[in-house]
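Residue-level structural notes
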Amino acid sequence: SDTKGAELERNAFWDIGYRNPFFEDGVLESVRFFNDKLNDTDEAYAILLNAVNLNPFSIRLNQAYALQCLKTGLVSYAEETMEELKTWMPTVTYKTFEQEVLKTLQQIEFNSSDW
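Computed from a predicted model, the values in this text were never measured in an experiment.

For the rest of this paragraph, the subject is the overall build of the protein. A tally of helices and strands in the protein yields six helices and zero strands. Each helix and strand of the protein, placed in order from N terminus to C terminus, yields the pattern α-α-α-α-α-α. Here the C-alpha radius of gyration of the protein, 15 Å, is about what a compact globule of 115 residues would show, namely 13 Å. Across the 115 residues of the protein, 34% fall into the buried class. Intrachain contacts of the protein at a sequence separation of at least 6 include 48% that bridge at least 24 residues. Total accessible area on the protein is roughly 7400 Å²; 54% of this is exposed by carbon and sulfur atoms. For the protein, the separation between the mean place of its 10 positive charges and that of its 19 negative charges on side chains is 5 Å.

Moving on: the pattern of salt bridges. Inspection of every chain in the model, using the stated rule, returns six salt bridges. Close ionic contact of Arg60 with Asp25 constitutes a salt bridge, the shortest N to O distance being 2.7 Å. Here Asp25 lies in helix α2 (residues 24-37) and Arg60 lies in helix α4 (residues 59-71), a separation of 35 residues in the sequence. By relative accessible area, Arg60 is classed as partly exposed at 37%.

Glancing now at helix α5 (residues 75-88). Given a rise of 1.5 Å per residue, 14 residues ought to cover 20 Å, and the 20 Å separating the end C-alpha atoms of α5 matches this to within 8%. The complete set of buried residues in α5 reads Ala78, Thr81, Met82 and Leu85. For α5, the arc enclosing every buried residue in end-on projection is 110°, short of the 170-degree limit, so these residues lie on one face. Where α5 is buried, its residues meet α4 and α6 (91-112).

Bringing the packing of α4 against α5 into the picture now. The geometry of α4 relative to α5 is characterised by a closest axis approach of 8 Å and an angle of 155° between their N-to-C directions. Our classification of the angle between α4 and α5 gives roughly antiparallel. In the packing of α4 onto α5, the handedness of the crossing is left-handed. Contacts between α4 and α5 pair Ile59, Asn62, Gln63, Tyr65, Ala66, Cys69 and Leu70 from the former with Val75, Tyr77, Ala78, Thr81, Met82, Leu85 and Trp88 from the latter. The residue inventory of the contact of α4 with α5, partitioned by class, reads 11 nonpolar, three polar and no charged.

What follows concerns the packing of aromatic side chains. Aromatic ring pairs are defined here through the distance separating the ring centres and the angle between the ring planes. By the definition in use, this model includes five aromatic pairs. Seen from their ring centres, Trp14 and Tyr18 are 4.5 Å apart, and the 45° between their planes marks the pair as tilted. Note that Trp14 and Tyr18 are positioned in helix α1 (residues 2-19) at a spacing of four residues, about one turn of the helix. With a relative accessible area of 21%, Tyr18 lands in the partly exposed category. A ring pair is formed by Phe33 and Phe34, whose centres lie 5.4 Å apart and whose planes are at 85°; its orientation type is edge-to-face. Accessibility expressed as a relative area gives 6% for Phe33, which makes it buried. Grouped by ring-pair contacts, the aromatic residues Phe13, Phe33 and Phe34 constitute a single cluster.

Thresholds, definitions, all that
- Residues numbered from 1 in each chain as written.
- Predicted model: local features only at pLDDT ≥ 70, side-chain atom pairs only at ≥ 80, totals over all residues.
- Heavy atoms only, no water.
- Helix = DSSP H or I, 4+ residues; strand = E, 2+ residues; numbered from the N terminus.
- Rg over C-alpha atoms; globule rule 2.2 N^0.38 Å.
- Buried < 20%, exposed > 50% of the residue type's maximum accessible area, 1.4 Å probe, protein only.
- Contact = heavy atoms within 4.5 Å.
- Areas by Shrake-Rupley, 256 points an atom, 1.4 Å probe, with all protein chains shown as cover.
- Lys, Arg positive; Asp, Glu negative; His and termini not counted.
- Charge placed at Lys NZ, Arg CZ, Asp CG, Glu CD.
- Salt bridge = Lys/Arg side-chain N within 4 Å of Asp/Glu carboxyl O.
- Expected span 1.5 Å × (residues − 1).
- Arc of directions from axis to C-beta.
- Axes fitted to C-alpha atoms, helices over the stretch in contact; angles between N-to-C directions.
- Parallel < 35°, antiparallel > 145°, perpendicular 65-115°, else oblique.
- Left-handed = near helix turned anticlockwise from the far one by under 90°.
- Nonpolar A, V, L, I, M, F, W, Y, C, P; charged D, E, K, R; others polar.
- Phe/Tyr/Trp six-rings, centres within 6.5 Å; stacked < 30°, edge-to-face > 60°.

As structure tokens, this is what we get:
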């Protein structure tokens, strides 16, 4: 049945998200699945929180974590992560990421406006 397939898919992505925080592509694909396919930003956040706790120096995971914090309304956590990333990343790379963060913030503000 369709719900069985959906449940299997969800469980597979959950497993990929939590099993190995050093398999960044898997974690990020799992986060994309929970955000985009299931609209479950809280589970996506939980997966990233777990991953950055176990693999704290991954720039890619911390970038995704900062963006996820914005999506879930945890702006101060996003800001703290940005401060750390600023010291880890080359300036040009950080500036590019900072633009992505600002664009994400604008999109969130636009989506939550009372239009």
